[in-house]
Amino acid sequence: MFDILREPDDIRVICENENTDAKVRVEIKERKLYVRLQADAAYPEFICMRWNHRIKEPVKIMGDKWERSYGDMEWHSLNGEIFMPWYFLANNGDETVGCGVMVQPNSFVSFQCDASGVTAWFDVRCGAKGVKLGGRELLAGVIVCEHYTDCSAFTAAKEFCKVMSPNPRLPKEPVYGSNNWYYAYGKSSYEEIMQDADIIAELAGQNENKPFMVIDDGWSVNRCAGPWRSNEKYGDMNRVVDGFRKRNVKPGLWFRPLHDKEAEELHPEWRLKKSEPGSGSPDWIKIDNGKYLGYLDPSHPEVKEYLRAIIKQFRDWGFELIKHDFSTYDMFDFFGDTLNGKIAIAKNWAFYEEHKTSAEVVLDLYRLIREAAGDMIIIGCNTVSHLSAGIFELNRTGDDTSGREWSRTRAYGVNTLAFRLCQNNSFYMVDADCVGVLEDNIDWKLNRQWLDLLARSGSPLFVSLQPEMLTEEMKQDLKEAFRCNSKQQDIAEPLDWQYNNQPQRWDINGEVTEYDFVMDSYPLLLDKKIQPY
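Residues numbered from 1 in each chain as written. Predicted model: local features only at pLDDT ≥ 70, side-chain atom pairs only at ≥ 80, totals over all residues. Heavy atoms only, no water.

This structure, assessed with the given rule, holds 37 aromatic pairs. Here the aromatic rings of Trp228 and Trp254 are separated by 5.9 Å at their centres, their planes lie at 75°, and the arrangement is edge-to-face. Placement of Trp228 in strand β15 (residues 225-230) and of Trp254 in strand β16 (residues 250-255) is noted, with a sequence separation of 26 residues between them. As far as the burial class goes, Trp228 and Trp254 line up, both buried. Here the aromatic rings of Trp406 and Phe517 are separated by 6.3 Å at their centres, their planes lie at 40°, and the arrangement is tilted. In this pair, Trp406 is assigned in helix α10 (residues 406-420) and Phe517 in the segment after β28 (511-514), connecting sequence segments 111 residues apart. Grouping residues by exposure puts Trp406 and Phe517 together as buried. Linked through ring pairs, Trp66, Phe83, Trp86, Phe108, Phe332, Trp349 and Phe351 together constitute an aromatic cluster. (Phe/Tyr/Trp six-rings, centres within 6.5 Å; stacked < 30°, edge-to-face > 60°. Helix = DSSP H or I, 4+ residues; strand = E, 2+ residues; numbered from the N terminus. Buried < 20%, exposed > 50% of the residue type's maximum accessible area, 1.4 Å probe, protein only.)

Throughout the structure, instances matching the rule amount to 40 salt bridges. Salt-bridge contacts for Asp400 lead to Arg68; the nearest nitrogen and oxygen are separated by 3.8 Å. Taken together, the residues span a long stretch of sequence, with Asp400 in the loop between β22 (394-396) and α10 and Arg68 in the loop between β5 (60-63) and β6 (84-85) at a distance of 332 residues. A relative accessible area of 21% means that Asp400 is categorised as partly exposed. Assessed through its relative accessible area of 5%, Arg68 is described here as buried. Linking Arg456 and Asp452 is a salt bridge whose minimum nitrogen-to-oxygen distance equals 3.1 Å. Classification of Arg456 by relative accessible area gives partly exposed; the value is 23%. (Salt bridge = Lys/Arg side-chain N within 4 Å of Asp/Glu carboxyl O.)

All right, on to the environment of Ala359 then. On the secondary structure map, Ala359 appears in helix α8 (residues 358-373). For the pair formed by Ala359 and Ser107, sequence separation is 252 residues and the distance between their alpha carbons is 4.9 Å. The residues contacting Ala359, other than those within four sequence positions of it, are Pro105, Asn106, Ser107, Phe108 and Leu387. (Contact = heavy atoms within 4.5 Å.)

With that out of the way, let us pick up the environment of Ile4. Here Ile4 is to be found in the segment before β1 (10-15). As a C-alpha pair, Ile4 and Gly63 span 59 residues in sequence and 16 Å in three-dimensional space. Excluding residues that lie within four positions of it along the chain, Ile4 makes contacts with Leu33, Trp51, Cys99, Phe111, Val118, Ile143 and Cys145.

Counting buried positions along strand β10 (residues 117-123) gives six out of seven residues, so the element sits mostly inside the fold. Where strand β4 (residues 44-52) and β10 come together, seven bridges link them in antiparallel fashion. Across the sheet, residue Met49 finds its bridge partner in β10, namely Ala120. In the sheet, strand β9 (residues 108-114) pairs with β10 via seven bridges, with the strands oriented antiparallel. Looking at the pairing, Asp114 lines up with Gly117 of β10. (Pairing = 2+ DSSP bridges.)

Reading across from one edge, β1-β4-β10-β9-β6 is the order of the five strands in this open sheet, with antiparallel pairing throughout. The sheet terminates laterally at β1 and β6, the two strands that pair on one side only.

This part covers α8. Over its 16 residues, α8 extends 23 Å from the first C-alpha to the last, a length consistent with the 22 Å expected when each residue adds 1.5 Å. Counted residue by residue, α8 has 13 buried out of 16 residues, so it is predominantly covered. Immediately beyond the C-terminal end of α8, within one or two residues, lies Gly374, with a positive phi of roughly 60°. (Expected span 1.5 Å × (residues − 1).)

Taken in spatial order, the three strands line up as β26-β27-β28 in an open sheet, and their pairing is antiparallel. The outermost strands of the open sheet, each flanked by one partner alone, are β26 (492-494) and β28. The average angle at which neighbouring strand axes cross in this sheet is 30°, direction not considered. Bridge count between β26 and strand β27 (residues 505-508): three bridges; the pairing is antiparallel. (Axes fitted to C-alpha atoms, helices over the stretch in contact; angles between N-to-C directions.)

Here we come to the nonpolar core. Ranked by internal contacts, the top residues of the largest apolar core, which has 164 residues, are Phe108, Phe122, Ile215, Trp219 and Phe332. Looking at this core element by element, the count peaks at ten residues for α8. Of all hydrophobic cores here, the second largest spans 16 residues; its members include Tyr182, Val214, Leu321 and Leu438. (Core = buried A, V, L, I, M, F, W, Y, C linked by side-chain atoms within 4.5 Å.)

Pasting the structure below:
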């Protein structure tokens, strides 16, 4: 098959203004292709690189996603109109080729693969405008390409992820436990979260590695927004942490770093400024000069100090894990399933630091959170996958599962676990999201299969349990799942993933396990071209 670890056949630089001096320099060394961009007067937006190669054999292609997946990962035929963020795999039955960029690149990189070759796009914009490099040379990305034979496509994918991400940051011991979102959905209190902690402690039993109890949205004074002070239902957060520790569970906390209603009102200069609104959120307001004010701009120096102070507060309360959410949406206006090859959709806006690419701004945000968090474990949610790798210990790799709709859990949970499990322990620990138990919404015969697969996947298991719905049968299944997942020593591989985007046949520790994620819960009738969850 093809190989892109060579000089491109064509290189183009697209600029916001006239391209008077933007130039690309490529260098190949140690099986890596370094792509560097320099400009002074020109404001580059994109680098386009092309490798021509006529593909005449039957090939299947699989690409990655910008941030989370949305039930949409699969192997497909050659289609040059499909953009694939970060990397893609090609398989002809005998050989698998991996093409991509090393993690933490300074641009948003996507690929297209057609019958005549491969195209790579480097989005080097600052927001939606050309970046003002001012003469500096930017390392836009480092391309890698590897070929694998005598192994499955999944094994090849795992090996290629290690090539792209040789230095992951992993937790000292496996992370598992509970997140209260998928039964509480933001409605909880000190008393209720302590009841949750009691249940999790009981299910973990004598496990040497103790579980986490992660408080999701609903603890702060505003729904899904700061200021990050506890509301009257939770009270003193030091007391919450003490309550968890007395119950032998580890404390974790959710927050949304770039949306604080109080800070946005007091400091409108901290906010992103765009010439058109975002996704219709009520949190966007129009100001007199025709600009729209969005969420907090992570490149603004005072926002950076604000974030450091917030995370320090979480540490002072005693939390050992933070889960941060919504930052891709808050910067780029949409979730990843709506973003295309041009990650910024709104026109004519830039971050405060106009001399940095969007990828550099995002990396700065992630590194700030990492530094401020110290030894706390970090879970990124709605975070840019390739930019998270090596910085955060865990990453939510798919959109939300559900405590209400099994069809959503099957579509989003099973899909992201199967297609991104190859990244586990290489990029970060893969969090495919929760097993949700809420009233009588999902039959346990279905949910227990999802529980079993997660528990034995070698990746983190989180559950979300409505206390009064737990039966003795459920408790026994959950205890065994926690016992197994507290170690995360299992090795799992989807066997039917090249023709089924919700794989049901899995090799777990050398034995084939057959799941039935459909049974009598048929897919829902569509309201649109795809399921509008």
